[in-house]
Amino acid sequence: MQIEDIISNVQVYGLEESIKRSKYPMSTDTNACTTEPTKTTYSLGRASVGSGHDNWLNGVVVQFDLTFTNKAWVEAERYHFLDFVSSQSTMHRITKFDLDKAYIEYTDPRMIEIMQQLVDQYNTNPTPDNYLKVLYSNPAGFKLTAGMTTNYRQLKTIYYQRKNHRLPEWRVFTEWIETLPMFKELILNEN
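Since the structure is predicted, the reported quantities are computational estimates derived from the model, not experimental observations.

**Concerning the layout of surface pockets**
For the largest pocket, the calculated volume is near 210 Å³. Lining the largest pocket we find 13 residues, and of these Asn 70, Trp 73, Gln 88, Thr 90 and Leu 144 sit closest to its centre. Of all the secondary structure elements, the ones that give two or more residues to the lining of the largest pocket are helix H4 (70-76), strand E3 (83-87) and strand E4 (143-151). Among the elements that line the lining of the largest pocket, the one with the most residues is H4, at three residues. Considering only enclosed or pocket space, the second largest pocket measures out at about 160 Å³ in volume. Of the residues in the lining of the second largest pocket, the class split is four nonpolar, six polar and two charged.

Now the structure itself:
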């Protein structure tokens, strides 16, 4: 699994402006604050998660498309500032996906075969019961894509909580976080 398999269409907004604003607490003239990071900028960016000293990272907005399995999406929903802009829907389209491409490689092929049989059964006889059989039988390895909006502060939290996670998607996601502009320098203390 590669970064490009799960993350695309990345945009980062407000990095320079937020670096400037990180200097406001110690400034008497905010117009004199520059967009160049200082020792204090780095110190604040590397402050302990939850301390509040890294609040300026909220201003660095990141938007991207994320493709996760049902299993990973359940875990992603715990982050309050990882906002869904829009997403694919199993409720609306579960019987329309190409099931040969819809599952992660760890999904047992027998499960995919069962799903195809259930989808065929529904398409032949589209009753509410047949639909619910498809919906509730769908394995956790089913992939969906959503457009997301978050910020560097939330990504910092996710990074430290998920970088050694058992699900490969989370490890790839944290590798991607490291590639964001200045993330390593500002937050991970890496030059």
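Now that the structure has been shown, the text picks up again.
**Quick notes on the pattern of salt bridges**
Under the criterion given, the structure shown has four salt bridges. Where Lys 156 meets Asp 54, a salt bridge forms, and the shortest distance between an N and an O atom there is 2.9 Å. With Lys 156 in helix H8 (residues 152-162) and Asp 54 in the loop between helix H3 (39-45) and strand E2 (61-69), the pair connects residues that are 102 residues apart, well separated along the chain. Taken as a pair, Lys 156 and Asp 54 share a single burial class, namely buried. Through salt bridges that share partners, Asp 54, Arg 153 and Lys 156 make up one connected network.

**As for the packing of aromatic side chains**
Following the criterion strictly, the structure yields 15 aromatic pairs and no others. Here the aromatic rings of Phe 68 and Trp 170 are separated by 5.0 Å at their centres, their planes lie at 70°, and the arrangement is edge-to-face. Residue Phe 68 is found in strand E2, and its partner Trp 170 is found in helix H9 (residues 168-179); the two are separated by 102 residues along the sequence. Neither Phe 68 nor Trp 170 differs from the other in exposure class; each is buried. Where Tyr 103 meets Phe 142, the ring centres are 5.3 Å apart and the plane angle is 65°; that geometry is what we call edge-to-face.

**Notes on unusual backbone geometry**
Backbone geometry at Asn 9 places phi at a positive 55°, although glycine is not the residue there. If you trace the backbone, Asn 9 turns up in strand E1 (residues 7-13). Not every positive phi belongs to a glycine, and Met 182 is a case in point at roughly 65°. In this structure Met 182 comes out as partly exposed when scored by relative accessible area, which is 27%.

**With respect to the sheet that holds E1**
Strands belonging to one sheet form pairs held by backbone hydrogen bonds; the direction of such a pair is parallel or antiparallel. Taken in spatial order, the four strands make up an open sheet running E1-E2-E4-E3, and their pairing is antiparallel. With one partner strand each, in any of the chains shown, E1 and E3 form the two edges of the open sheet. Taking each pair of neighbouring strands and ignoring which way they run, the sheet shows an average axis angle of 25°. Judged from the nine bridges that link them, E2 and E4 form a sheet pairing that is antiparallel. Within the sheet, the bridge partner assigned to Leu 66 lies in E4 and is Ala 146. Set on the sheet, H9 makes contact with E1 and E2; between it and E2 the angle comes to about 160°.

Analysis parameters
- Residues numbered from 1 in each chain as written.
- Predicted model: local features only at pLDDT ≥ 70, side-chain atom pairs only at ≥ 80, totals over all residues.
- Heavy atoms only, no water.
- 1 Å grid on protein atoms, 1.4 Å probe; cavity = no way out; pocket = protein on both sides within 12 Å on 5 of 7 lines; lining within 4 Å.
- Points joined across faces, edges and corners; volume = space filled by probe spheres on them.
- Helix = DSSP H or I, 4+ residues; strand = E, 2+ residues; numbered from the N terminus.
- Nonpolar A, V, L, I, M, F, W, Y, C, P; charged D, E, K, R; others polar.
- Salt bridge = Lys/Arg side-chain N within 4 Å of Asp/Glu carboxyl O.
- Buried < 20%, exposed > 50% of the residue type's maximum accessible area, 1.4 Å probe, protein only.
- Phe/Tyr/Trp six-rings, centres within 6.5 Å; stacked < 30°, edge-to-face > 60°.
- Pairing = 2+ DSSP bridges.
- Axes fitted to C-alpha atoms, helices over the stretch in contact; angles between N-to-C directions.
- Contact = heavy atoms within 4.5 Å.

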